[in-house]
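Observations on chain architecture
Listed here are the chains, written in short residue letters.
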Amino acid sequence: MASLNRKSMFSRRRPFAAALVIAAGLLVTGGGYAAATTAVKAQQDPTVASQSQIDLGHKLFLANCASCHGKNAEGTKNAPTLIGVGAASVDFQVSSGRMPAQASGPQVQVKEAVFNDKEIAAMAAYVASLAPGPAIPTDAMVANNGDLTRGGQLFRTNCAMCHNAAGAGGALTQGKYAPALTETGAREMYEAMLTGPQNMPVFNDANLSPKDKKDIITYLVYLQQHPSVGGLSLDNLGPVAEGLFVWIAVLGGIIAITVWLGAKSN
Amino acid sequence: MSDKKGLVPASHDSEGFEHDYSAGLAAISADKIADPGLEPHRVRMTDKSVKHEKRAARQVFYWFMASIVGSVFSIVAYFAFPISEDLGTVHNNTFFMGLGIALGMFGIGFGAVHWAKTLMPDAEVAEPRHQTRGAEDVRARAVEIVNLANSESGFSRRKLIRRSLYGALAMFPLPALVLFKDMTTDADPQETLRHTMWTAGTRLALDPTGTPIKAADLTIGSVFHVIPEGLMPEGAHKDDYLEQKAKAAVLLVRVDPTEINSQKELDWGYDGIVAYSKICTHVGCPVALYEQHTHHLLCPCHQSTFDLANDCAVIFGPATRALPQLQITVDAEGYLVAKGDFSEPVGPSFWERTAK
């Protein structure tokens, strides 16, 4: 800036000097600002959102989401506003196939993702451009190299009451449920904690710090990668499934053997 | 036993009794269903044909061989699926070893039973029961022995020592009752149940890290699992950490204040941040399944559902009382603090708890 100003002083008497100075000043400050904001964006978002990406996202939004979320993402009586939900929320909802929703009901179901990665990134960039919100976590943030024991402790305190101690999921009220986490990807877990999708509470960074979240992911990925220590897990659903198995299969077997013991040979 | 008549004392007949007194004193009605006797003997296939007999013998042999295979397999499995540092390896080790041991044991059992059923002698044998009443001379002798013991020991005659024995017998279980006392704390159990660790000014801290929480930390829809500050497994409450935690655990939620339907709930909270006891009023499970849009708070044990937007009133399930709310405010540094203990006992009812 300083050197340019000095340069402009030398060309004081030239006719286009003023215009040149203004143009140069605008270029430097505007360029610098653009560079700075891009740098911030790049930090938040692994894929730098370009204007063309945002435009593509906007088009996809108008074609696929606006009917429920409103033409300006302001929300309708059928769906919440998306202003301020951030890229993380979009990435979670769309990449897991929850959005676009297939039908209204107690809970939006998981299905095969409708859009590819490029389209999801574009929609996320569009929603993120509306208002600041949680960004998509980087790969390093969701790597499973955290503290496994601590992650288990945090999971049991904050998550296990709904998602089951083994991450097998569980029922909530009136047809809602906490999904199983046995197939869930690490990024999806992080985004769910950060954004609190549907009826799940929000676990912001003051509640569970990024390190806490990483530890929890480490624990869940460990559970996914290691088979049950105790034999037949019966999907880890707990005493109801285990009781049903014992009463029907095991007791049935015992009765069959007893009948055989008492029956006379042919 | 077909000739019951012979067993009936003659005197009874002459007195016109309608009952047939056979063995023992059980009255048997005169029109009782006749003893069907044994089924006609059915000869087994293994007794009729050598081919079947040989096949049964082979089957028994196979069962015992299967047992041997199972036992050997179990030993092989122990070495083939070693337990390493990775706990997951326990699964295959115990599963395949157990499968082998099961086959080893069931093989012996099934073989032995099959052997007995198909190859061992097949003849029905009736083993008649003898009378339960002893012979007259045996009964008289028993009475004689009891009387002799009484006269020799002087049990009836020596009243003083007999009664002192009764006293000793009555006293000796009492030390066990004193031991039971150790199963409770010295403190008055009522007081223990009525009060928790929360006092005016106690900061709300995160479970399990113990980090104090600022009001600004909670975004709308957040759920924090909270313990009183200072409640750590290694701190001042080393000895009663779990007891204190079981009473003082709190669920802290931030709700949009416009969605709260109770003025009391708003007043006892701070800007939509409300703190409720996590201990179910039914049987004390931790109630923590919070749905951020319906504001339903569900207990995982028996599905008691509380409405967090309305004083945590019970809207479903076996619980009968709302969850107690903890009055909170913020201190000078912006940390959330309790205004005091809960205004009523937390958790399930107890005898002395007066209904509110």
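Scoring rules and cut-offs
- Residues numbered from 1 in each chain as written.
- Chains lettered and ligands numbered in written order.
- Predicted model: local features only at pLDDT ≥ 70, side-chain atom pairs only at ≥ 80, totals over all residues.
- Heavy atoms only, no water.
- Pairing = 2+ DSSP bridges.
- Helix = DSSP H or I, 4+ residues; strand = E, 2+ residues; numbered from the N terminus.
- Phe/Tyr/Trp six-rings, centres within 6.5 Å; stacked < 30°, edge-to-face > 60°.
- Contact = heavy atoms within 4.5 Å.
- Buried area = accessible area lost by both parts, 1.4 Å probe.
- Salt bridge = Lys/Arg side-chain N within 4 Å of Asp/Glu carboxyl O.
- Polar contact = N/O pair within 3.5 Å; in protein donor to acceptor, adjacent residues only side chain to side chain.
- Nonpolar A, V, L, I, M, F, W, Y, C, P; charged D, E, K, R; others polar.
- Disulfide = S-S within 2.5 Å.
- Buried < 20%, exposed > 50% of the residue type's maximum accessible area, 1.4 Å probe, protein only.
- pLDDT = per-residue confidence, 0-100.

**Some details on the sheet that holds strand 10 (residues 313–316) of chain B**
Remark on secondary structure: sheet strands pair via backbone hydrogen bonds, oriented parallel or antiparallel. Residues and elements named next belong to chain B. Strand order in this open sheet of four strands is 7-8-9-10, and the pairing throughout is antiparallel. Lying at the two open borders of the sheet, with one neighbouring strand each, are strand 7 (289–290) and strand 10. The pairing of strand 9 (residues 305–307) with strand 10 spans three bridges and is antiparallel. Residue pairing across strands places Thr305 opposite Phe316, the latter belonging to strand 10.

**With respect to the packing of aromatic side chains**
Applying the stated criterion across every chain yields a total of eleven aromatic pairs over all chains. Here B:Phe73 and B:Phe96 contribute two aromatic rings whose centre-to-centre distance is 6.4 Å and whose plane-to-plane angle is 75°, an arrangement assigned as edge-to-face. Taken together, the residues B:Phe73 in helix 3 (residues 50–80) and B:Phe96 in helix 4 (residues 89–118) connect sequence positions 23 residues apart. Ring pairing ties together the aromatic residues A:Trp260, B:Trp63, B:Phe106 and B:Phe110, which thus form one cluster.

**Considering the interface of chain A and chain B**
In this complex, chain A contributes 35 residues to the contact, which on the side of chain B involves 44 residues. The junction of chain A with chain B conceals about 3200 Å² of combined surface from both sides, 58% of it contributed by carbon and sulfur atoms. Scanning the region where chain A abuts chain B turns up three salt bridges. Residue A:Lys264 is joined to B:Glu124 by a salt bridge in which the shortest nitrogen-to-oxygen separation is 3.9 Å. On inspection of chain A and its partner chain B, the count reaches 16 residue pairs in polar contact (both at pLDDT 80 or more). Secondary structure elements with two or more residues in the side of chain A that touches chain B: helix 7 (148–158), helix 8 (160–163) and helix 11 (239–262) of chain A. Broken down by class, the residue content of the side of chain A that touches chain B amounts to 17 nonpolar, 15 polar and three charged.

**Side note on the state of the cysteines**
Scanning the entire structure with this criterion turns up one disulfide over all chains. Put simply, B:Cys285 and B:Cys301 are joined by a disulfide, and their sulfur atoms are 2.1 Å apart. Because the sign of the S-S torsion sets the handedness, a value of about -100° for the bond joining B:Cys285 and B:Cys301 places this disulfide among the left-handed ones. Taken as a pair, B:Cys285 in the loop between strand 6 (273–277) and strand 7 and B:Cys301 in the loop between strand 8 (296–298) and strand 9 lie far apart in primary sequence, 16 residues in all. Here A:Cys159 stays free of any disulfide, with the sulfur of A:Cys162 as its closest cysteine sulfur at 8.9 Å. Here A:Cys159 falls in the buried class, since its relative accessible area comes to 11%. Classification of A:Cys162 by relative accessible area gives buried; the value is 14%.

**Some remarks on unusual backbone geometry**
The general pattern is negative phi for most residues beyond glycine and trans for most peptide bonds. A:Pro100 follows A:Met99 through a cis peptide bond whose omega is -5°. Position of A:Pro100 among the secondary structure elements: in the loop between helix 5 (86–95) and helix 6 (117–130). Cis geometry marks the peptide bond from B:Asp207 to B:Pro208, where omega comes out at 0°. Within the secondary structure, B:Pro208 sits in the loop between strand 3 (204–206) and strand 4 (223–228).

**Points about the confidence of the model for chain B**
Residue and element names in this part refer to chain B. The pLDDT averaged across chain B works out to 87; a share of 92% of its residues lies at or above 70. Averaged pLDDT values for the elements of chain B fall to 43 in helix 1 (residues 10–14) and rise to 96 in helix 3. Here residues 1–17 is a poorly scored stretch, pLDDT under 50, and it has twelve contacts once near neighbours within four places are set aside; other chains count. Reported for the predicted complex are a pTM of 0.70 and an ipTM of 0.70.

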